[in-house]
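# Descriptive structure summary
Chain by chain, the residues:
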Amino acid sequence: MKQEVLKAFDLPWLPVIALVLFVTSFVLYTWWTYRATNKSHYEQAGNIPLDDKDIA
Amino acid sequence: MSSENRSAVRTGTPEKFSYDDQIVKLFVIATLVWGVVALLLGVTIAFQLADFRLNFGLPWITFGRLRPLHTNAAIFAFCGNAIFAGIYYSHQRLLKARLFSDTLSKIHFWGWQLIIVSAALTLPFGITTGKEYAELEWPIDIAITVIWVVFAVNFFGTIIRRRERHIYVAIWFYIATILTVAVLHIVNSLEIPVSLTKSYSLYAGVQDALVQWWYGHNAVAFFLTTPFLGLMYYFVPKAVNRPVYSYRLSIIHFWSLTFIYIWAGPHHLLYTTLPEWAQTLGMIFSVMLWMPSWGGMINGLMTLRGVWSKVRTEPSVRFMATALTFYGMATFEGPLLSIKSVNSIAHFTDWIPGHVHSGTIGWNYMLIAGMLFYLVPKLWNSELYSKKLAHQQFWFATIGLVLYIISMWVAGITQSLMWRAMDDAGKLIYPNFIETVVKIVPMYWVRAIGGTMVLISFIMMVYNLWKTAKAGKKTDVVVYEAYPLHASHVEEGATSHRKLEGWPMIFAALSLIAILVGSAIEIIPSLMADQYVVKVSAIKPYSPLELLGRDVYIKEGCYLCHSQTVRPMPHEVVRYGKASNAAEFVYDHPFQWGSKRTGPDLARIGGKYPHMWHYKHFYEPREVTAGSIMPRYVWLFDQKIHYKDLPTKMRVMQQLGVPYTDEEVLKSVETAQLQAKGIADELAQSGVPAKVAEMDIVSLIAYIQRIGMDYTSMPDEEIATEGK
């Protein structure tokens, strides 16, 4: 019966599009994040939690 | 210094401000109070499973009523309050801004506590939707939505007022949490009210199962994982006074986790009638999830590089490091369990509660403990009362958790292997389900002892933190100073992703798209179910009395121990009967497939035994099944059938597409009473008093006797013909 259900499903493009979107996004943000020019910016950003000294 | 670099591009005079830590303190106190309640409930139901007599024959403390209260208390009360405490503390400091509105913060706090109290006042009385982890009825669902919006306004309002340009990665995780939980809660809670305390799910059968487990899985993902990862990215660096190991890895971690997690829901429904493609997709994305999860774990643990000695000396660091280790273990086990062949063994067994608790105790409790050991001394301006007590607490919690996990592994695998054991002739070696229950009861005792150790460890922490807070010294409000944001809110000359990181609303929209893409590929086809669920004419709606009986079944939480779906596996078909079919469940609002078989599956229970067997079974299960651990349901023999709402219930079902005629609705009470009399007459032949016709037990028997009957009575050839 499950196979009957499978045959009736006619939106195979839906998961394919989603998968392509994921792979494309993954490649793009990984490439962007690890660009050499962004290194210092992200190193600074990583220090934000430690930068909360009070003036009292 | 990094802060000087960031300040260098800003203009204007530094502004002075303070943080709202009172609200953080309130949420910390609530975390501790509800933590004790949640764990106490957990220990109670663990002992009830080990010894049924601890149900005491009282409806409001029976397992089926208390188990939803335990899960709701653990997730939404204990973890929820901890999340809000941690987010409000870190959010202000990461953005260098006081929370948007003190009033909204108070509404958020008291509103959330009111919701928790409402849960505590409804679930023990059987007021439930019957959907796991979403049991709260519609008025409370609306209250949750309102309070969540209050939280979101307060949260995003603070971002708008911030003095820090870059939105730190912890806040990305918080944003994903707020948006996704809102979407999950609203979509899964769509229901039509019958009365103030009763509603029916908008979805039925396969659709309801898909939506429910899309919600259920992602409640774990976006309520118990992403906010805690955000807290980890803030509190671990703070506890060891070092930046996160790799900020760039945290970005990959965030986007991958957010995108992938949402796809994994169908692994809860492997081998069900859910479309095969959705099951396979859920499995593949669950395995893929291993990578970002471990990326986050490694990033957290590697933050401790060079300061590993603090794991030995500092309670906060010790608990956080252990939390990350358990996170790694749980996120290895999760993908493993989602592989279909492994899932076929583990699903419906005690292995799953074992896995769940390695996450909620190992990851959530341990991280909360680490966070509280860091926060409480700071908030109350004090030193931790006793490091020694904290370390003792650590060992109690860890040993208790290990006992819990191992006992459930042993119980789960033992039971599953017994379920599937067949001889060469194709017969079950353990045909009586009770044989597989009796075998694992000793493991239930071990689990209960382990859980008690975890509860004791938590009480030790409450005492330690109470003494810490009590010794605190009052101080003046601490004043901080930071430059205001540049009017552009972005750095001049910055490139696209960096600008994006400074545009919270656009960033939030992209996060929302990331979770919606995964959701859409699962939800859209399920909402178009007419295309693939073949209608079978023999499947008829429940009779009025059966509908009432089904509500009793839901009220008593029967779905927490009994499934209603037979997987297409030889041993299941031999044990129970025909494998389930999607068409069987089209009138089931809500679906009752369950997720655990403490007792046997009930999809083919209809007509298997006479009425009298069920009558005796609900009164004293041991009378018909020696060794049964099921509680007694004696009150069902005294409570009268509630006919008053029946016509309204059927009208609501009509609105949901169940083909009741107007005449059936008008005569519903009369029809139900007639069917009840028929059952009572049969019972009377065995000496049962005639007045039983008025009692809940009769409606429940009517429902039980109907389950699966329409489908099993159809010849296979007829099903195949209708399918074409």
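Residues numbered from 1 in each chain as written. Chains lettered and ligands numbered in written order. Predicted model: local features only at pLDDT ≥ 70, side-chain atom pairs only at ≥ 80, totals over all residues. Heavy atoms only, no water.

What follows concerns the packing of aromatic side chains. All names here are of chain B. Applying the stated criterion across every chain yields a total of 58 aromatic pairs over all chains. Ring plane angle 50 degrees and centroid distance 6.3 Å describe the contact between Trp-294 and Phe-332, whose orientation is recorded as tilted. Note that Trp-294 is positioned in helix H11 (residues 290–302) and Phe-332 in helix H13 (residues 315–338), a separation of 38 residues in sequence. One Lys or Arg, Arg-622, reaches over the ring of Phe-52 and ends 3.3 Å from the middle of that ring. (Phe/Tyr/Trp six-rings, centres within 6.5 Å; stacked < 30°, edge-to-face > 60°. Helix = DSSP H or I, 4+ residues; strand = E, 2+ residues; numbered from the N terminus. Lys NZ or Arg CZ within 6 Å of the ring centre and 35° of its normal.)

Residues and elements named next belong to chain B. With domains assigned, chain B is organised as domain 1 (18–522) and domain 2 (544–723). Computed over C-alpha atoms, the centres of domain 1 and domain 2 are 35 Å apart. Opposite the 64 residues of domain 1 that make contact, domain 2 presents 55 residues. Contact between domain 1 and domain 2 buries roughly 4,900 Å² in total, counting both sides, with carbon and sulfur atoms accounting for 68%. In this structure, the connection of domain 1 to domain 2 is made through three salt bridges. Salt-bridge contacts for Arg-65 lead to Glu-556; the nearest nitrogen and oxygen are separated by 2.9 Å. (Domains from an automatic or database assignment. Contact = heavy atoms within 4.5 Å. Buried area = accessible area lost by both parts, 1.4 Å probe. Salt bridge = Lys/Arg side-chain N within 4 Å of Asp/Glu carboxyl O.)

All names here are of chain B. For helix H3 (residues 63–95), built from 33 residues, the straight-helix expectation of 48 Å at 1.5 Å per residue is met to within 8% by its first-to-last C-alpha distance of 45 Å. Taken as a whole, H3 carries its principal kink of about 35 degrees at Ala-73. Counting buried residues in H3 gives 33 out of 33 residues, a clear majority hidden from the surface. Phi for Lys-96, located one or two positions after H3, is positive at around 55 degrees. (Expected span 1.5 Å × (residues − 1). Bend = angle between axes of the 7 residues up to and from the residue. Buried < 20%, exposed > 50% of the residue type's maximum accessible area, 1.4 Å probe, protein only.)

Each regular strand displays side chains that alternate between the two surfaces of the sheet. Both strand S2 (residues 191–195) of chain B and strand S3 (residues 198–201) of chain B contribute to a ladder of four bridges, which runs antiparallel. If you follow B:Ile192 over to S3(B), its bridge partner there is B:Tyr200. (Pairing = 2+ DSSP bridges.)

Attention shifts here to the pattern of salt bridges. Between side chains of opposite charge, a pair can form as their charged atoms come close. Residue and element names in this part refer to chain B. Per the stated rule, a full pass over the model turns up 27 salt bridges over all chains. Taking the shortest distance from any N to any O, the salt bridge between Asp-551 and Lys-198 comes out at 3.4 Å. Placement of the pair is Asp-551 in helix H21 (residues 544–555) and Lys-198 in strand S3, with a sequence separation of 353 residues. For the pair Asp-551 and Lys-198, a shared accessibility class is recorded, and that class is buried. Residues joined by salt bridges that share partners form a network here, namely Arg-567, Glu-572, Arg-597 and Asp-601.

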